[in-house]
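Close look at the chain arrangement
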Amino acid sequence: MTPSADRRPRSATASLFNTPTFAVTATFSEVVTGFTTSDISVTNGTASDLVGSGTDAYTFNVTPSGQGPVTVSMPALGAQDAAGNGNDVSATLSRTYDSVAPTLTETTPVADPDP
Amino acid sequence: MSASLGDHSVTFDTLAEGRHNNCTLTVTDRGGQRERPLVVNAFDLDVTAPAITGVALSSSALKADETALVTVTFDEPVIALHGSDFVEVDHGTLSTPVSTDGGLTWIATFTPTADVEEPTNVITVSAAGVVDLADNHGTGTFSSGNYALDTLRPVVAIVRLLEPSPIRVQSRLPSPIPGPTRSP
């Protein structure tokens, strides 16, 4: 018997990404004002290119600062509705940035267990 | 005013409302003999029902975490104003009304209901349950001006655009894989 390779495709989780930036949408439950990139909290990265004003849907880009987890959230009171109510804190979007290509680290032949 | 023999009370039915001072009663007998005037203590005559002249809120637009003062004004002091006298309080609650001027004006704190967006609201007070200092029951109701409520905070959902499909990695190895060569 000869050694065989496992040919099943491998899947990785969708929370991983390797592009330099990724786009994010922020959707409010009602029309708000006062929403700027300074109202976006990003760990291990920065937010930029915020588009949208006065409406309830905004988009912006997140650029990681380094390898590893990147989180995006919006703290409370960053945007206001028509009555002046600040928003509630958002849930946190978390993704892991990995742009390092895998390298082969093991080249030792394995003995045939059943010659 | 009338009186008859043997009565021990005198009924005044033509006196004006207000303070009556220095009153005396003079009795004349059938022989025309006038008795010495009897001095009557000063008294106030009040037969008018109290009425509400104003219901005002300190703010006509409230957002989350805000409250307003509600001031109820009467045309004369009343003994007590209770929460049950507020017959309509839209989308909120009131504290116990308090008066600091002897009962002419009463102030309560209005706290709006959370998570409400309603532009049309009113507070209505009934005077039927109050009495003035002479025990006259009040009449009528009075409604505040409109007030708008928005106590609903915006919420925000943050999602990544174009979430990629799971990454699929296909191994590409020759088959069969050459094994180590055995020496004869």
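Residues numbered from 1 in each chain as written. Chains lettered and ligands numbered in written order. Predicted model: local features only at pLDDT ≥ 70, side-chain atom pairs only at ≥ 80, totals over all residues.

Quick look at the sheet that holds strand S5 (residues 52-57) of chain B now. Residue and element names in this part refer to chain B. On the basis of which strands lie adjacent, the open sheet formed by four strands has the order S5-S7-S10-S9 and antiparallel pairing. If you trace the sheet from one side to the other, it starts and ends with S5 and strand S9 (92-94), each paired once. Averaged over all adjacent pairs, the angle separating strand axes in this sheet is 25°, with direction ignored. Where strand S7 (residues 68-74) meets strand S10 (residues 105-112), six bridges bridge the pair, whose relative direction is antiparallel. Within S10, the position partnered with alanine 68 by the bridge is phenylalanine 110. (Pairing = 2+ DSSP bridges. Helix = DSSP H or I, 4+ residues; strand = E, 2+ residues; numbered from the N terminus. Axes fitted to C-alpha atoms, helices over the stretch in contact; angles between N-to-C directions.)

Averaged over every residue, the pLDDT of chain B is 87; residues scoring 70 or more account for 84%. This prediction of the complex comes with two scores: 0.72 for pTM and 0.75 for ipTM. (pLDDT = per-residue confidence, 0-100.)

Residue and element names in this part refer to chain A. Side chains Leu93, Arg95 and Tyr97 project from strand S8 (residues 93-97) onto a buried face, and the interleaved Ser94 and Thr96 project onto a face without burial. For strand S7 (residues 68-73) and S8, the ladder comprises five bridges, and the chain directions are antiparallel. Of the residues in S8, the one forming a bridge with proline 69 is threonine 96. (Buried ≥ 20, exposed ≤ 12 C-beta atoms within 10 Å, placed from the backbone.)

Turning to the pairing of strand S5 (residues 45-51) of chain A, a few remarks are in order. Two faces belong to every sheet, and in a regular strand the side chains alternate between them. Residue and element names in this part refer to chain A. Pairing analysis gives five bridges linking S5 to strand S6 (residues 57-64), with the strands arranged antiparallel. When the bridges of S6 are listed, serine 48 appears paired with asparagine 61. The turn linking S5 back onto S6 is made up of five residues, and glycine 52 within it adopts a positive phi angle of 125°.

Before going further, it helps to spend a moment on the sheet that holds strand S12 (residues 123-126) of chain B. Residues and elements named next belong to chain B. Ordered by their spatial adjacency, three strands build an open sheet running S8-S12-S13, and the pairing between neighbours is antiparallel. Every interior strand has two partners, whereas the edge strands, strand S8 (86-89) and strand S13 (141-143), have only one. Averaged over neighbouring strand pairs, the angle between their axes works out to 10° when direction is ignored. Sheet analysis places S12 next to S13, joined by three bridges and oriented antiparallel. Among the inter-strand pairings, valine 125 is bridged to a residue of S13, identified as phenylalanine 142.

The next thing to look at is the confidence of the model for chain A. Per-residue pLDDT for chain A has a mean of 85; in total, 84% of the residues score no lower than 70. Looking at the elements of chain A, mean pLDDT is at its lowest for strand S1 (residues 10-11) of chain A, recorded as 50, and at its highest for strand S4 (residues 41-43) of chain A, recorded as 97.

Here Thr103(A) shows up in the segment after S8. Separated by 14 residues in sequence, Thr103(A) and Val89(A) have C-alpha atoms that sit 41 Å apart.

To continue, consider unusual backbone geometry. Residue and element names in this part refer to chain B. Phi is positive for aspartate 115, close to 60°, though the residue is something other than glycine. The residue aspartate 115 is located in the loop between S10 and strand S11 (117-118) in this model. Residues other than glycine seldom take positive phi values, yet aspartate 135 does so here, at roughly 70°. Along the polypeptide, aspartate 135 turns up in the loop between S12 and S13. Overall, the presence of 8 C-beta atoms within 10 Å leaves aspartate 135 in the exposed class.

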